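Letter by letter, the chains look like this.
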Amino acid sequence: MYAQLVDTGVQRVAALEELPPEERAFQERIDADVKIEPKDPMPEAYRRTLIRQISQHAHSEIVGMLPEGNWITRAPTLKRKAILIAKVQDEAGHGLYLYSAAETLGVSRDTMIDDLHTGKVKYSSIFNYPTLTWADVGAIGWLVDGAAIMNQIPICRCSYGPYARAMVRICKEESFHQRQGFDLMLALCRGTPEQKRMAQDALNRWWWPAVMMFGPPDAESVHSAQSMRWKIKLVSNDDLRQKFIDQTVPQAEYLGLTIPDPQLRWNEERGHYDIGPIDWDEFYNVIKGNGPCNRERLQARKTAWEEGAWVREAAAAHAEKQAARCAKAAA
Ligand code: BYC
């Protein structure tokens, strides 16, 4: 099984009565749906679990700008270009809200960025796939943002206040992103036969990676039990995946596209779609750093960080000068 790199110190979920008094009091607050705020006492493992998840989430938003950013200069119309620039900019904003939420837990932004650049923490598997055609921009909006919303709506109700509040705005923007992706796919599907083929090809390549985005099956999810107990996660990986599939299959039918899964069937008894086997070897291979674009994505982030050093230095010098001026005026 894939071994976690970030040790949160949690070995197994302890029963309420086994917990020391402070942790028990903490768990009772969580059970009563009381939000945990930055200055509240919290178990160290809760803090580290949140830092792991929120920083990975922030990195995903920032790395997620790369595959779509690749198409800004080649968008087919001015309108599509403006929409894509706005979307990519929104993702940068999401990354910033999330880094800020993680900082409230006592980790510095420099440490988080360093952990990304040294491969200590991850970002979403989905951004290690290439965007080969313009239709991929539509597929990302429709499927990747669609999957992201499915995962993120419950996080708006998670136990940690700053994370929950950041997710409210993020989800509103993601839902606009999802609709722009569907609209783009619809335009292609109503276009020439070649455009429709492009849309089908993009769906063929993005479907399974989107299905994998929700993480390993529940039985193999190392963090789920404790994270659900702490209400950092409210819905399991498999339940979110099923909801995404049930919602997306009718949308593909509306577009006149075929989901690339010959075993996909509506199961009347379960009231859900059944799907064929997921290639988990591919997923683990991607999250270990061996996907089609892992090296390229990380290198792009490191280069951007190095080339942006002078901007950070200038901003820090400006802030120092402003602070000195304010201090002088107040004296
Ligand atoms: N990719 O025990 P599990 C976006 C790792 S950005 C990579 O189930 P957990 C967007 C997992 O970290 C959307 N790694 O973990 C942006 C763990 O390894 P570590 C990003 C994955 O945390 C731009 C191990 O596998 N969304 O929407 O309970 C443009 C075992 O997994 C993945 C978020 O980050 C993966 N897909 O559950 C467009 C949402 N899945 O850390 C769109 C917040 C699992 O021990 N995060 N792993 O080394 C979450 O909800 C949870 O962290 C996950 C995983 C459901 C992703």
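Residues numbered from 1 in each chain as written. Predicted model: local features only at pLDDT ≥ 70, side-chain atom pairs only at ≥ 80, totals over all residues. Heavy atoms only, no water.

## Overview of the overall build of the protein
Looking only at helices and strands, the protein features 13 helices and two strands. Taking 2.2 N^0.38 as the reference for a compact globule, 331 residues should give roughly 20 Å; the C-alpha atoms of the protein span a radius of gyration of 21 Å, in line with that estimate. Along the longest, intermediate and shortest principal axes, the C-alpha atoms of the protein span 70 × 55 × 30 Å. For the protein, with 331 residues in total, the buried portion stands at 49%. A separation of at least 24 residues holds for 77% of the contacts in the protein among residues at least 6 apart in sequence. Summed over all atoms, the accessible surface of the protein reaches about 16,500 Å², with 56% contributed by carbon and sulfur. Averaged over its 41 positive side-chain charges, the protein has a centre that lies 5 Å from the centre of its 44 negative ones. (Helix = DSSP H or I, 4+ residues; strand = E, 2+ residues; numbered from the N terminus. Rg over C-alpha atoms; globule rule 2.2 N^0.38 Å. Buried < 20%, exposed > 50% of the residue type's maximum accessible area, 1.4 Å probe, protein only. Contact = heavy atoms within 4.5 Å. Areas by Shrake-Rupley, 256 points an atom, 1.4 Å probe, with all protein chains shown as cover. Lys, Arg positive; Asp, Glu negative; His and termini not counted. Charge placed at Lys NZ, Arg CZ, Asp CG, Glu CD.)

## A look at the site of the ligand
Among the 37 residues in the neighbourhood of the ligand, the closest are listed as Lys-122, Ser-125, Ser-221, His-223 and Lys-233. Contacts to the ligand include Gln-56, whose side-chain N or O atom sits 3.0 Å from an oxygen atom. Contact distances for the ligand include 2.7 Å between an oxygen atom and a side-chain N or O atom of Ser-221. Burial of the ligand by the protein chains amounts to 96% of its free accessible area of 1,000 Å². Of the residues in the shell around the ligand, the class split is 14 nonpolar, 14 polar and nine charged. (Near = heavy atom within 4 Å. Polar contact = N/O pair within 3.5 Å; in protein donor to acceptor, adjacent residues only side chain to side chain. Nonpolar A, V, L, I, M, F, W, Y, C, P; charged D, E, K, R; others polar.)

## What about the pattern of salt bridges?
Note that side chains of opposite charge can pair when their charged atoms are close. Throughout the structure, instances matching the rule amount to 17 salt bridges. Put simply, Glu-44 and Arg-47 hold a salt bridge, and the shortest N to O gap is 2.8 Å. On the criterion of helical spacing, the pair formed by Glu-44 and Arg-47 is a turn pair, its members being three residues apart in helix α2 (residues 44-63). On the basis of relative accessible area, Arg-47 is assigned to the partly exposed category, the value being 22%. Asp-201 is the partner of Arg-205 in a salt bridge, and the nearest nitrogen-oxygen pair spans 3.0 Å. Within this pair, Arg-205 and its partner Asp-201 are both found in helix α8 (residues 193-212), separated by four residues, close to a single helical turn. When salt bridges that share partners are traced, they join Glu-68, Lys-87, Glu-91 and Asp-145 into one network. (Salt bridge = Lys/Arg side-chain N within 4 Å of Asp/Glu carboxyl O.)

## Concerning the nonpolar core
In this structure, Trp-142, Trp-206, Trp-207 and Phe-244 are the most contacted members of the largest nonpolar core, which totals 53 residues. Excluding its chain neighbours within four sequence positions, the residues that come into contact with Trp-207 are Leu-143, Phe-244, Ile-245, Thr-248, Ile-259 and Pro-260. Counting 29 residues, the second-largest nonpolar core is a separate cluster that includes Met-112, Tyr-163, Ala-164 and Met-167. (Core = buried A, V, L, I, M, F, W, Y, C linked by side-chain atoms within 4.5 Å.)

## Here we look at the packing of α8 against helix α10 (residues 237-255)
Contact geometry of α8 with α10 gives a least axis separation of 12 Å together with a crossing angle of 175°. When the axis of α8 is compared with that of α10, the two are roughly antiparallel. Along the contact surface, α8 presents Lys-196, Trp-207, Ala-210, Val-211 and Met-212, while α10 presents Arg-241, Phe-244, Ile-245, Thr-248 and Leu-255. (Axes fitted to C-alpha atoms, helices over the stretch in contact; angles between N-to-C directions. Parallel < 35°, antiparallel > 145°, perpendicular 65-115°, else oblique.)

## Description of α10
The periodicity of an α-helix, 3.6 residues per turn, causes residues three or four places apart in sequence to face the same way. Taking 1.5 Å as the rise per residue, α10 with 19 residues should run 27 Å; its terminal C-alpha atoms sit 27 Å apart, in good agreement. Where the residues of α10 are buried, they touch α6 (135-155), α7 (161-189), α8, α9 (224-229), β2 (272-274) and α11 (280-290). Phi turns positive, to about 80°, at Gly-256, one or two residues after α10. (Expected span 1.5 Å × (residues − 1).)

## Focus on the confidence of the model for the protein
The predicted model of the protein averages 95 in pLDDT, with 97% of residues at 70 or higher. Scored below 50 in pLDDT, residues 1-5 makes nine contacts in the model with residues more than four places away or belonging to other chains. (pLDDT = per-residue confidence, 0-100.)

## What to know about the packing of aromatic side chains
Using the criterion set out here, one finds eleven aromatic pairs in the structure. Their ring planes at 75° and their centres at 5.0 Å tell us that Trp-266 and Tyr-273 sit as a pair that is edge-to-face. Under the relative-accessibility criterion, Trp-266 is labelled partly exposed at 42%. These aromatic residues form a ring-pair network of at least three members: Phe-26, Tyr-46 and Trp-230. Over the ring of Trp-305 we find Arg-312, and its NZ or CZ is 3.5 Å from the ring centre. (Phe/Tyr/Trp six-rings, centres within 6.5 Å; stacked < 30°, edge-to-face > 60°. Lys NZ or Arg CZ within 6 Å of the ring centre and 35° of its normal.)

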